[in-house]
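Residues per chain are reported as follows:
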Amino acid sequence: MELNILTVCYLLGAITFILGLKMLSNPATARRGNQIAATGMIVAILGTIFLYRDDDGNRLHNHGWIFGGILIGGVVGTLAAKKVKMTAMPEMVSMFNGMGGACAALISIVEFNRLIKHPSWTIYPPLSSLGPSAFEIHLPNGELLIILLGLMIGSISFAGSMIAWGKLNGTIKDFAFKGQHILNLFFLLLMFAGIAFLMTNIQRGFFLDIASTSIAAEVWVKLIFYGVLTFALLYGILFVMPIGGADMPVVISLLNSFTGVAAACGGFLYNNKVMLTGGILVGAAGTLLTILMCKAMNRSLANVLIGSFGGGAAAAAGKQQGGYKEIHISDAAVAMAYANKVMIVPGYGLAVAQAQHACHDLEKLLNERGVEVKYAIHPVAGRMPGHMNVLLAEADVSYEKLEEMDEANEEFPSTDVVLVLGANDVVNPAAKTDTSSPIYGMPILDVELAKTIIVNKRSMKPGYAGIENELFFRKKTSMLFGDAKKVLQDLIAEIKQL
Amino acid sequence: MGMVHNMLNWITANQQMIYIVILMIFVGIEVIGRVPSVLHTPLMSGANAIHGVVIIGAIIVMGKAENDNYLALTLGFLAVILGTLNVVGGFVVTDRMLEMFKKKK
């Protein structure tokens, strides 16, 4: 009876995950979708705690520890999620993702230690007395493979997410060195070699040949297992380390799908269908999202995986540019106040300055004066896909005003003033013209089609990808230096006086 | 040969799970395929919370740990904390993001 109820709990969980993801894909139902998925998760978790029985029919114990852990994680998680600023949202997601990956890896470590202690996993009796078939029947190879995969993927996801987190909040700088691809591949190879070694040797009982006692064999097996763990962590670190700027959204999305797969490994291990459903759903969806983002930047996933973006970028930055011209705040105000149509291109600078509300105020003010105002949103503007949308939504900017890249590009020719707020790489014409540029081939917002371009930046420093932007030196472009929020407030004050 | 045999046995024993994997791959792709880019961040964050289902594994590890198995107790406890962080943090962050998506009247 109890187990049947648990089955229903898990079924409910799986349904809510699918339903939740589906509802998350529609603005009108998104929030409810998230809440439904959360409810399903609670049902699945409570069901597990109170109704789960293992294969031998034993209930779970250590309830105090379980609830203690949930309490600690719940309080810390809620506080962190409630307190985080909108600008720090991407790194928060990355952090939570890493926690999930670490959780999967820890499960693998415990289960591996259980597995090698299990009576059926006997490596010490002489082969001759048992015969090879005795091993083949008892040795749970699929289980071992799943444990190893969960360990590897979970650890990579954990280490990678932590690096991504550190890079996004600025504590870790881009770091690349010659031969890093080769080292990455080498670690990957070592991991697979370790897994293959454990798989074949535990299967056949080869340890008898190299180790005379069971203790030595066990030490060897453990050594290789923790070796795989170490290489996975190193790989996770090294693979995110050199990736910078425009690639960060891709990396977070990819690591997100990794953790999904790691969770699914747990589902296989415990024959747990809700874990499997949730994990694979996220794995598949995350992978698709990652590929879509790679496509938007005209790069292959393999290139990102082995890749380095930041490394090559510095070299391309060289070329000296001509002069740029500055525009005074009052001139900018006049240009915008008397325009027919203004397009705002938000970027990370807007997020950093927390200028979304000021931006919305400017939009309202211009609207009152009869100026049409729209926002042009590049798919990878900011530090995450949709980063700008979330930010502007926080300031109550309505959906209809947000134009996606293709729509926006059609509107630029009829636009009088484009106001670029802290965006850089996504409006860099080098992506179209300069084959040596690291962002070559990435579709950009063609702001140059508009009559006037006003670029707000804090300084002439290059953007996150570390490359110069020719746009700033073009005739139609004027620079408006300063913090985005301050500049917007000044603009509003000026326009009000007109 | 033994290994192949073993793997084949394992596939047969786990065929239901393998079917779920294949079907969920398609469901995941279908569901995400229609998402407007406006919702990419909340969606990623929501998906992030859903893979927090890994916490069920952590609970099982913790709940099965014998009283003298300190490795399992320690790591299991840590896993429960981390898994909860993933679930709770993930859903709360997503909710906060979506709260801002209120339609302007």
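Before going into details, it helps to say that this report is about the structure given with it. The structure displayed is predicted, hence computed values, not measured ones.

When helices and strands are counted, chain B shows five helices and zero strands. For chain B, the proportion of its 105 residues judged to be buried stands at 63%. Taking the intrachain contacts of chain B between residues at least 6 apart in sequence as the baseline, contacts between residues at least 24 apart amount to 62%. Accessible surface computed for chain B: about 4400 Å², of which carbon and sulfur atoms make up 67%.

This brings us to helix 11 (residues 248-269) of chain A. Helix length check: helix 11 of chain A, at 22 residues, gives a terminal C-alpha distance of 32 Å against a target of 32 Å (1.5 Å per residue), a fit within 8%. Positioned one or two residues after helix 11 of chain A, Asn271 of chain A has a phi angle of 55°, which is positive.

Attention shifts here to unusual backbone geometry. Phi is mostly negative for residues that are not glycine, and the peptide bonds are mostly trans. All names here are of chain A. Although it is not a glycine, Gln354 sits at a positive phi angle of roughly 55°. On the secondary structure map, Gln354 appears in the loop between helix 16 (348-352) and helix 17 (356-368). Of the residues examined, Gln354 reaches a relative accessible area of 24% and is grouped as partly exposed. Phi is positive for Asp396, which is not a glycine, with a value near 70°.

So, on to the packing of aromatic side chains. To describe a pair of aromatic rings, one takes the distance between the centres and the angle between the planes. Residues and elements named next belong to chain A. Within this structure, the stated rule accounts for nine aromatic pairs over all chains. Relative to Tyr226, the ring of Phe225 lies with its centre 5.3 Å away and its plane at 85°, an arrangement referred to as edge-to-face. Given the relative accessible area of 29%, Tyr226 is considered partly exposed. Note that Arg369 overlies the ring of Tyr338, its terminal NZ or CZ placed 5.5 Å from the centroid.

Residues and elements named next belong to chain A. The strand order 3-2-1-4-5-6 describes an open sheet built from six strands, whose pairing is parallel. Of all strands in the sheet, those with a lone pairing partner are strand 3 (402-404) and strand 6 (477-481), marking the two edges. Direction aside, neighbouring strands of the sheet carry axes that sit 25° apart on average. Here five bridges tie strand 1 (residues 341-346) to strand 4 (residues 417-421), and the two strands are oriented parallel to one another. Looking at the pairing, Val345 lines up with Val420 of strand 4. Packing of helix 17 onto the sheet brings it into contact with strand 1, strand 2 (372-377) and strand 4, and relative to strand 2 it is tilted by some 145°.

On the chain A side, the residues contacting the 85 residues of chain B number 109 residues. Counting each side, the surface lost to burial between chain B and chain A is near 8800 Å², with a carbon and sulfur contribution of 77%. Along the contact surface separating chain B from chain A lie two salt bridges. Across the salt bridge formed by Arg31 of chain A and Asp95 of chain B, the nearest N and O atoms sit 3.0 Å from each other. In this assembly, chain B and chain A are joined by 15 residue pairs in polar contact (both at pLDDT 80 or more). Listing elements by their share of the side of chain B that touches chain A, those giving two or more residues are helix 1 (2-13), helix 2 (15-33), helix 3 (40-50), helix 4 (55-64) and helix 5 (70-99) of chain B. Broken down by element, the residue count for the side of chain B that touches chain A peaks at 28 residues, all from helix 5 of chain B.

Unoccupied space between atoms shows up once a probe the size of one water molecule is rolled over them. Residues and elements named next belong to chain A. Considering all chains together, one arrives at four cavities of 30 Å³ or more under this definition. Volume-wise, the largest cavity comes out at about 60 Å³. At four residues, helix 11 tops the list of elements feeding residues into the lining of the largest cavity. Its residues placed into classes, the lining of the largest cavity shows eight nonpolar, three polar and no charged.

This paragraph deals with the packing of helix 2 (residues 30-51) of chain A against helix 4 of chain B. At a minimum axis distance of 10 Å, the contact between helix 2 of chain A and helix 4 of chain B shows a crossing angle of 15°. The orientation of helix 2 of chain A with respect to helix 4 of chain B, classified from their angle, is roughly parallel. Both helix 2 of chain A and helix 4 of chain B take part in a crossing whose hand is right-handed. When helix 2 of chain A is examined against helix 4 of chain B, the residues Ala44, Ile45, Thr48 and Ile49 of chain A are found in contact with a partner set consisting of Ile55, Ile56, Ile59 and Ile60 of chain B.

With that settled, consider the pattern of salt bridges. Residues and elements named next belong to chain A. According to the stated counting rule, one finds 13 salt bridges over all chains in the structure shown. Ionic pairing is found between Asp490 and Lys486, a salt bridge with its closest N-O pair at 3.0 Å. Taken together, the residues span about one helical turn, with Asp490 and Lys486 both in helix 21 (residues 484-497) at a distance of four residues. Owing to a relative accessible area of 47%, Lys486 belongs among the partly exposed residues under this scheme. Sharing partners across several salt bridges, the network here consists of Lys341, Glu372, Lys374, Glu403 and Glu411.

Taken together, the side chains of Glu404, Asp406, Glu407 and Glu410 of chain A define an acidic patch exposed on the protein surface. Ranked by residues supplied to the negative patch, first place goes to helix 19 (residues 405-411) of chain A with three residues.

If you look at the biggest cluster of nonpolar residues, it comprises 172 residues, and the most contacted ones within it are Leu21, Leu350, Leu362, Leu419, Leu488 and Leu491 of chain A together with Ile56 of chain B. Examining the composition of this core, we find that 16 residues originate from one element, helix 4 (residues 89-117) of chain A, more than from any other. With residues near it in sequence (within four places) discarded, Leu488 of chain A still touches Leu350, Ala355, Ala358, Cys359, Leu362, Leu419 and Leu421 of chain A. With 25 residues, the next largest nonpolar core counts Val345, Val420, Phe472 and Met479 of chain A among its residues.

About the cut-offs
Residues numbered from 1 in each chain as written. Chains lettered and ligands numbered in written order. Predicted model: local features only at pLDDT ≥ 70, side-chain atom pairs only at ≥ 80, totals over all residues. Heavy atoms only, no water. Helix = DSSP H or I, 4+ residues; strand = E, 2+ residues; numbered from the N terminus. Buried < 20%, exposed > 50% of the residue type's maximum accessible area, 1.4 Å probe, protein only. Contact = heavy atoms within 4.5 Å. Areas by Shrake-Rupley, 256 points an atom, 1.4 Å probe, with all protein chains shown as cover. Expected span 1.5 Å × (residues − 1). Phe/Tyr/Trp six-rings, centres within 6.5 Å; stacked < 30°, edge-to-face > 60°. Lys NZ or Arg CZ within 6 Å of the ring centre and 35° of its normal. Pairing = 2+ DSSP bridges. Axes fitted to C-alpha atoms, helices over the stretch in contact; angles between N-to-C directions. Buried area = accessible area lost by both parts, 1.4 Å probe. Salt bridge = Lys/Arg side-chain N within 4 Å of Asp/Glu carboxyl O. Polar contact = N/O pair within 3.5 Å; in protein donor to acceptor, adjacent residues only side chain to side chain. 1 Å grid on protein atoms, 1.4 Å probe; cavity = no way out; pocket = protein on both sides within 12 Å on 5 of 7 lines; lining within 4 Å. Points joined across faces, edges and corners; volume = space filled by probe spheres on them. Nonpolar A, V, L, I, M, F, W, Y, C, P; charged D, E, K, R; others polar. Parallel < 35°, antiparallel > 145°, perpendicular 65-115°, else oblique. Left-handed = near helix turned anticlockwise from the far one by under 90°. Patch = residues over 30% accessible without salt bridge, like charges linked within 9 Å, V, L, I, M, F, W, Y side chains within 5 Å. Lys, Arg positive; Asp, Glu negative; His and termini not counted. Charge placed at Lys NZ, Arg CZ, Asp CG, Glu CD. Core = buried A, V, L, I, M, F, W, Y, C linked by side-chain atoms within 4.5 Å.

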